[in-house]
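Close look at the chain arrangement
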Amino acid sequence: MTIIGNRLSDLRKNIGINQEELGKKLGLSKNAISAYERDINEPPDDIKVKLAKFFNVSLDYLLGIVDEPRPIYKTERRLYIRLPEDFPEELVKDAERYIQFLNSNLNKKKG
């Protein structure tokens, strides 16, 4: 298996669905999912995006570029964290409040 076929198979099995169920959720046939997992066909880019969104993983992970399904991206002044789609909204709000708290403490130290 290529990385994408292997990762697709692992992701699908980890959430406990079969190829037919995954196909239905994505508007694909069982045969298409099977062909992707067995490296008979490579999914087109739009399907890769659907798969990454469905499993809440990065495309980089799906393609084997990184080994962390939900990597943290950091630029010079920004930190990006990808939360699972089912992450509770109240916890998102808590995270936002915590970031505001850190910013206010930073501003107090500067002042």
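Just above, that's the structure.
Looking now at a nonpolar patch on the surface. A contiguous nonpolar surface patch, about 320 Å² in accessible area, is contributed by Val49, Leu59, Leu63 and Ile65. On the secondary structure map, Leu63 appears in helix α5 (residues 59-63).

Moving on: the nonpolar core. Within the largest apolar cluster, 16 residues are counted, with the highest numbers of intra-cluster contacts made by Leu22, Leu51 and Phe55. Going through the elements one at a time, α1 (3-14), α2 (19-26), α3 (30-37), α4 (45-55) and α5 are the ones with two or more residues in this core. The dominant element in this core, judged by the number of residues it contributes, is α4, at 4 residues. Excluding residues that lie within four positions of it along the chain, Leu51 makes contacts with Leu8, Leu22, Leu26, Pro43 and Leu62.

Cut-off values and rules
Residues numbered from 1 in each chain as written. Predicted model: local features only at pLDDT ≥ 70, side-chain atom pairs only at ≥ 80, totals over all residues. Heavy atoms only, no water. Patch = residues over 30% accessible without salt bridge, like charges linked within 9 Å, V, L, I, M, F, W, Y side chains within 5 Å. Areas by Shrake-Rupley, 256 points an atom, 1.4 Å probe, with all protein chains shown as cover. Salt bridge = Lys/Arg side-chain N within 4 Å of Asp/Glu carboxyl O. Helix = DSSP H or I, 4+ residues; strand = E, 2+ residues; numbered from the N terminus. Core = buried A, V, L, I, M, F, W, Y, C linked by side-chain atoms within 4.5 Å. Buried < 20%, exposed > 50% of the residue type's maximum accessible area, 1.4 Å probe, protein only. Contact = heavy atoms within 4.5 Å.

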